[in-house]
Amino acid sequence: MSETSFQQPDRRRPEPLWFQVEEAIRAIVKSGEWATGDQIPAEDRLCALFGVSRITLRHALRNLEESGLLRREHGRGTFVRSTTLVAGTRELTSFTQEMGHMGVVAGSRLLDCSLSKADAVAAAALEIEEGDPVVRIRRLRLGNDEPIGIQTALLAGARMPGFLDSGLLQGSLYEALEKRYGIVPVEARENYRVGTVATADAELLGLAAGMPAFVVERITTDERGPFEFTVSVMRGDRYEIRSTLRAGRVAANNRN
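Below you will find a few notes about this structure. Keep in mind it's a predicted model, so treat the numbers as computed, not measured.

So, how was this worked out
- Residues numbered from 1 in each chain as written.
- Predicted model: local features only at pLDDT ≥ 70, side-chain atom pairs only at ≥ 80, totals over all residues.
- Heavy atoms only, no water.
- Helix = DSSP H or I, 4+ residues; strand = E, 2+ residues; numbered from the N terminus.
- Buried < 20%, exposed > 50% of the residue type's maximum accessible area, 1.4 Å probe, protein only.
- Contact = heavy atoms within 4.5 Å.
- Areas by Shrake-Rupley, 256 points an atom, 1.4 Å probe, with all protein chains shown as cover.
- Core = buried A, V, L, I, M, F, W, Y, C linked by side-chain atoms within 4.5 Å.
- Polar contact = N/O pair within 3.5 Å; in protein donor to acceptor, adjacent residues only side chain to side chain.
- Axes fitted to C-alpha atoms, helices over the stretch in contact; angles between N-to-C directions.
- Parallel < 35°, antiparallel > 145°, perpendicular 65-115°, else oblique.
- Nonpolar A, V, L, I, M, F, W, Y, C, P; charged D, E, K, R; others polar.
- Pairing = 2+ DSSP bridges.
- Salt bridge = Lys/Arg side-chain N within 4 Å of Asp/Glu carboxyl O.

## Examining the overall build of the protein chain
Inference 1: The helix and strand inventory of the protein chain stands at 8 helices and 10 strands.
Inference 2: Taken over 256 residues, the protein chain has a buried fraction of 43%.
Inference 3: If you take every contact in the protein chain between residues at least 6 apart in sequence, the share linking residues at least 24 apart comes to 57%.
Inference 4: Carbon and sulfur atoms make up 48% of the accessible area of the protein chain, which amounts to about 14300 Å² in all.

## Details of the environment of Leu207
Inference 1: One can find Leu207 in the loop between helix 7 (199-205) and strand 8 (212-222).
Inference 2: A sequence separation of 28 residues divides Leu207 from Arg235, and the C-alpha atoms of the two residues are 8.3 Å apart.
Inference 3: When neighbours within four sequence positions are excluded, Leu207 is seen to be in contact with Val197, Ala202 and Arg235.

## Brief notes about the nonpolar core
Generally speaking, soluble globular proteins have nonpolar side chains that are buried together.
Inference 1: By size, the foremost hydrophobic cluster in this structure holds 20 residues, and its most contacted members are Trp34 and Phe50.
Inference 2: Considering each element in turn, this core owes the most residues, 5 residues, to helix 1 (residues 17-31).
Inference 3: In terms of nonpolar packing, the next biggest core, distinct from the first, is built from 11 residues, Leu155, Met160, Leu177 and Tyr181 among them.

## Points about the side chain of Glu22
Inference 1: When you line up the elements, Glu22 lands in helix 1.
Inference 2: Looking at Glu22, the relative accessible area reads 8%, which means it is buried.
Inference 3: Side chain to side chain, Glu22 and Asn63 meet in a polar contact 3.1 Å long.
Inference 4: When sequence neighbours within four positions are dropped, the list of residues in contact with Glu22 reads Ala60, Asn63 and Leu64.

## Notes on the environment of Leu110
Inference 1: Within the secondary structure, Leu110 sits in strand 4 (residues 106-117).
Inference 2: For Leu110, a relative accessible area of 46% translates into the label partly exposed.
Inference 3: Put simply, Leu110 and Ile137 are 27 residues apart on the chain and 7.7 Å apart in space, counted from C-alpha to C-alpha.

## Some details on the packing of helix 2 (residues 43-50) against helix 3 (residues 54-66)
Inference 1: Taken N-terminus to C-terminus, the directions of helix 2 and helix 3 make an angle of 105°; their axes are 10 Å apart at the nearest point. One finds that helix 2 runs roughly perpendicular with respect to helix 3. Here helix 2 contributes Glu43, Asp44, Leu46 and Cys47 to the contact with helix 3, which in turn contributes Arg54, Leu57, Arg58 and Leu61.
Inference 2: Each residue belonging to the contact of helix 2 with helix 3 can be placed in one class, and the counts come to 4 nonpolar, no polar and 4 charged.

## Observations concerning the sheet that holds strand 7 (residues 187-196)
Inference 1: The sheet built from 6 strands is open, its strands ordered 4-5-6-9-8-7 with antiparallel pairing. Unpaired on one side and paired on the other, strand 4 and strand 7 mark the two borders of the sheet. Neighbour-to-neighbour, the strand axes of this sheet turn through a mean angle of 15°, independent of strand direction.
Inference 2: Note: strand 8 against strand 9 (residues 225-235), 10 bridges, orientation antiparallel. Looking across to strand 9, one finds that Val216 is bridged to Ser232.

## Looking at the pattern of salt bridges
Inference 1: Applying the stated criterion across every chain yields a total of 10 salt bridges.
Inference 2: Arg54 is paired through a salt bridge with Glu43; the nearest N and O atoms lie 2.9 Å apart. Residue Arg54 is located in helix 3, and its partner Glu43 is located in helix 2; the two are separated by 11 residues in the primary sequence.
Inference 3: On the accessibility criterion, Glu43 (18% relative accessible area) is buried.
Inference 4: The network of salt bridges with common partners includes Glu22, Glu23 and Arg26.

Fair warning: the whole summary comes from geometry, so function is off the table for now.
Written out as structure tokens, the structure reads:
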């Protein structure tokens with residue numbers, strides 16, 4: 001690629017140099033000059049092109065790796081990876097917001113939007129009665145136009161009358177719920193387990209039926225209680241869970 005594509009950080013700007021380098025690399029990937037699977041230049045070359053120290057560059061690369069944009073292979077180098085949603089310690093956000101934070105263009109394909117009755121599982125999650133009305137929204141989730149997962153959301157129907165006629169499925173669902181119904185999420189509880197891709201979902205996800213997948217159950221609440229119960233089936237090759245483990249007091253005391 002042309003060396004003119006590398007925008008060196010401006011030391012007069014208030015943002016840290018590593019942040020500017022990180023944003024510059026994101027822009028290069030987004031432009032398509034570095035495509036999925038491409039190996040990026042070696043660290044010493046990048047340091048020269050960006051005019052920064054190795055410490056600064058590594059800070060930027062580490063953040064990009066943690067966000068899922070790059071992957072490092074020991075002994076081989078660093079590569080642009082396929083769109084990956086990385087789950088870990090994070091703020092309560094919508095899918096659209098979360099993908100945006102990673103520099104990925106979020107997309108959705110609506111598969112179903114209908115009114116149904118809560119079964120026992122949904123009723124328990126939403127703290128409503130079995131048989132109460134729920135809005136069912138099933139969407140294929142995309143990142144940079146590539147399938148990432150299928151999400152089925154059940155919303156407490158009594159909390160959002162007229163939802164099906166409101167045209168609220170463009171963009172972020174949470175933003176729409178806040179604007180029309182004053183529903184603002186304050187907490188979500190998630191449960192992760194390993195499952196497999198069902199036959200009905202395989203073609204949509206671009207996988208063979210029976211392939212491994214993450215199944216994520218999420219209950220989202222506002223100040224009044226649960227309003228959303230979502231079950232997501234996420235591609236195992238495009239969804240990761242990462243966490244940081246820190247030594248507790250017992251481990252620390254053992255070193256004294």
